[in-house]
Amino acid sequence: ITNQPRHQVLTYGETATFTVGASGTSTLYYRWEKNGFALSNGGNIAGANTADLRLTPVSVSDAGDYRVVITNLSGSATSSVATLTVERRNLTVAGVTANHKPYDCNVAANLNLASASLVGVLSQDTGSVQLATSGATGTFTDASPGENKVITVTGLGLTGTAAANYSLAQPMLNANMTLAGSKC
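Residues numbered from 1 in each chain as written. Predicted model: local features only at pLDDT ≥ 70, side-chain atom pairs only at ≥ 80, totals over all residues. Heavy atoms only, no water.

## So, unusual backbone geometry
Backbone torsion omega between T56 and P57 reads -15 degrees, so that peptide bond is classified as cis. Tracing the chain through its elements places P57 in the loop between β6 (52-55) and β7 (64-72). Despite not being glycine, N35 shows a phi value in the positive range, around 50 degrees. Its location among the elements puts N35 in the loop between β3 (29-34) and β4 (37-38). Given the relative accessible area of 43%, N35 is considered partly exposed. Here N148, not a glycine, exhibits a phi torsion of approximately 55 degrees, which is positive. Relative to the assigned elements, N148 resides in strand β18 (residues 146-154). (Helix = DSSP H or I, 4+ residues; strand = E, 2+ residues; numbered from the N terminus. Buried < 20%, exposed > 50% of the residue type's maximum accessible area, 1.4 Å probe, protein only.)

## Overview of the packing of aromatic side chains
Remark: the centre distance and the inter-plane angle together describe each pair of aromatic rings, the angle taken between the planes. On inspection of all chains with the given rule, the structure shows three aromatic pairs. Ring geometry for Y12 versus Y166: centroids 5.3 Å apart, planes at 75 degrees, classification edge-to-face. Taken as a pair, Y12 in the loop between β1 (8-11) and β2 (16-19) and Y166 in strand β20 (residues 166-168) lie far apart in primary sequence, 154 residues in all. A ring pair is formed by F18 and Y66, whose centres lie 4.9 Å apart and whose planes are at 20 degrees; its orientation type is stacked. In this pair, F18 sits in strand β2 while Y66 sits in strand β7, placing the two residues 48 residues apart along the sequence. The class for Y66 is buried, based on a relative accessible area of 1%. (Phe/Tyr/Trp six-rings, centres within 6.5 Å; stacked < 30°, edge-to-face > 60°.)

In structure tokens:
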């Protein structure tokens, strides 16, 4: 083996390519493995029996240790392990707003979630990852009146068959808490 495959850190949806360099006196045969098990072409895997293994697109479940066993009439050689780390793709939420409210001595905010939507979902996952809003809550940073006060949103989540490949950033909002006509 003249060149070893290299470790990779990718984000869900990108392409992983592992390449090995080898030389020998007769035809070389390649068998790529993940975590010690032989790979075969199909799905997102191409080149399982070549010097270049390609995974397009990578998913979180593709993370693991890859190596290649190269054989010919003279014997076999096994490459060093190349670790593939696949990070979740970050999503954001658009269309969430909060109502202005009169001062009432508490920090609860009223969220408007009817137009909430995910931003950053890969086209291949349209319909396979959804925004879960049932547990969403909004909280003002404090209970004092003021304009353009920060509201922290929690409890938004992801569902669907592709949800494990994504992470979700909770939005930050602003709204007014007015003093007029309110009492605790």
